[in-house]
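Structural characterization, general
Chain residues, written in single-letter form:
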Amino acid sequence: MIKKILFVIFLLPSIAFSQDQYHIDDIEIEGAVRFSREALLSNLYLTNDTLDVSDSAEVIKTLYKTNFYQNIQLFSNNGKLIFVVEERPSIDSITFKGNKKLEDEQLKGILNDANIKSGRTFNRSILSRIEIELRKFYVSYGKYSVQIETKLTELKRNRVSIEVNIYEGKVAKIQQINIVGNDVFDDEEEVPEEEDVPEESTIDDDVRFKNLADGFVYASKEYANHPEKGAYTPDF
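Residues numbered from 1 in each chain as written. Predicted model: local features only at pLDDT ≥ 70, side-chain atom pairs only at ≥ 80, totals over all residues. Heavy atoms only, no water.

This part takes up the packing of aromatic side chains. Applying the stated criterion across every chain yields a total of four aromatic pairs. For the pair F137 and Y141, a centre-to-centre distance of 5.5 Å together with 50° between the ring planes defines the contact as tilted. The class for F137 is partly exposed, based on a relative accessible area of 30%. Here Y141 falls in the partly exposed class, since its relative accessible area comes to 35%. Taken together, the ring pairs connect F35, F68 and Y69 into an aromatic cluster. (Phe/Tyr/Trp six-rings, centres within 6.5 Å; stacked < 30°, edge-to-face > 60°. Buried < 20%, exposed > 50% of the residue type's maximum accessible area, 1.4 Å probe, protein only.)

Judged by which residues are buried, strand β3 (residues 26-30) turns out to be one-sided: I27 and I29 face inward and are buried, whereas D26, E28 and E30, on the alternate face, are not. Note: β3 against strand β6 (residues 80-87), five bridges, orientation parallel. Residue pairing across strands places D26 opposite K80, the latter belonging to β6. (Helix = DSSP H or I, 4+ residues; strand = E, 2+ residues; numbered from the N terminus. Pairing = 2+ DSSP bridges.)

Contact geometry for helix α4 (residues 104-113) and helix α5 (residues 125-140): axes closest at 10 Å, N-to-C directions at 120°. Taken together, the axes of α4 and α5 are oblique relative to one another. Between α4 and α5 the crossing geometry is right-handed. Side by side, α4 and α5 meet where L107, I110 and L111 of the first sit next to I130, E133, L134, F137 and Y138 of the second. (Axes fitted to C-alpha atoms, helices over the stretch in contact; angles between N-to-C directions. Parallel < 35°, antiparallel > 145°, perpendicular 65-115°, else oblique. Left-handed = near helix turned anticlockwise from the far one by under 90°. Contact = heavy atoms within 4.5 Å.)

It is worth spelling out the pattern of salt bridges at this point. Under the definition given, this model contains six salt bridges. One salt bridge in this structure joins E58 and K61, with 3.9 Å as the shortest N-O distance. With E58 and K61 both in helix α3 (residues 53-65) and three residues apart, the pair spans about one turn of that helix. Looking at K61, the relative accessible area reads 43%, which means it is partly exposed. Note that E133 and K136 form a salt bridge whose closest N and O atoms lie 3.7 Å from each other. A residue pair is termed a helical-turn pair when its members lie 3 or 4 positions apart in one helix, as E133 and K136 do in helix α5 at three residues. Given the relative accessible area of 53%, K136 is considered exposed. (Salt bridge = Lys/Arg side-chain N within 4 Å of Asp/Glu carboxyl O.)

On to the nonpolar core. Membership of the largest hydrophobic core comes to 21 residues, with the highest contact counts inside it found for L134, I162 and V164. Looking at this core, the elements with two or more residues in it are β7 (90-97), α4, α5 and β9 (159-167). A per-element tally of this core places α5 first, with five residues. I27, V59, L63 and I72 belong to the second largest nonpolar core, which has 17 residues in total. (Core = buried A, V, L, I, M, F, W, Y, C linked by side-chain atoms within 4.5 Å.)

All right, on to α5 then. Across its 16 residues, α5 extends 23 Å between first and last C-alpha, which sits within 8% of the 22 Å expected from 1.5 Å per residue. Looking only at α5, the buried set comprises I126, L127, I130, L134 and Y138. One face of α5 carries all of its buried residues, which in axial projection span an arc of 105°. For α5, the exposed residues set more than 90 degrees away from the buried face come down to I132, K136 and S140. (Expected span 1.5 Å × (residues − 1). Arc of directions from axis to C-beta.)

Positive phi, normally seen in glycine, also occurs at N115, with a value near 65°. Locating N115 in the fold gives a position in the loop between α4 and α5. The phi torsion at R157 lies on the positive side, around 60°, for a residue other than glycine. Within the secondary structure, R157 sits in the loop between β8 (147-155) and β9. You can call R157 exposed: its relative accessible area is 66%.

Here it is, written out as structure tokens:
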């Protein structure tokens, strides 16, 4: 029996049981601050008053998937199932420094769209997500050399503040355009504009055509979007 208990504890280090199946008279939650007992139990789906040790790992895995907790331990004691949890901190505030092109509210809006905002549960991946989302937006403004760094400060009551430091850099400008493979026109020669082509054919109300560089494609309106019917390319 001792070997059996040691084997179970070795496989499931966050679980402490003394038998293969445990009878549940009560469930106790220790360490919960932001999330209530009901919030935890709503994710367990315990359908009876017993719990198999073999199912305990799945119970803990289910709670980890909620992203509410960064550490979970499960114990049993005289008919009581005890969860000892360490909650993930919440984001208290997100502030910005160094931004000139974009206002704070614009930057907050970008992060809000990515579901990164005050009150949300924090995990380390959020810092890299902040950098990715903001960099992507700055690049759309031509700020290719933008540099973004985040600073995390732990606060009381399991909260964190995030400071985002931004060096926007200069807007990228096109200094030169090189054309490769041009045999018909020289680099300095202006390429003539294409002639305007009417959207509707004057041949018939039920026919329309599009310019395809070398000629025209005639298509019946009934089969205008059909890949096989009602269209052909005449030889010119």
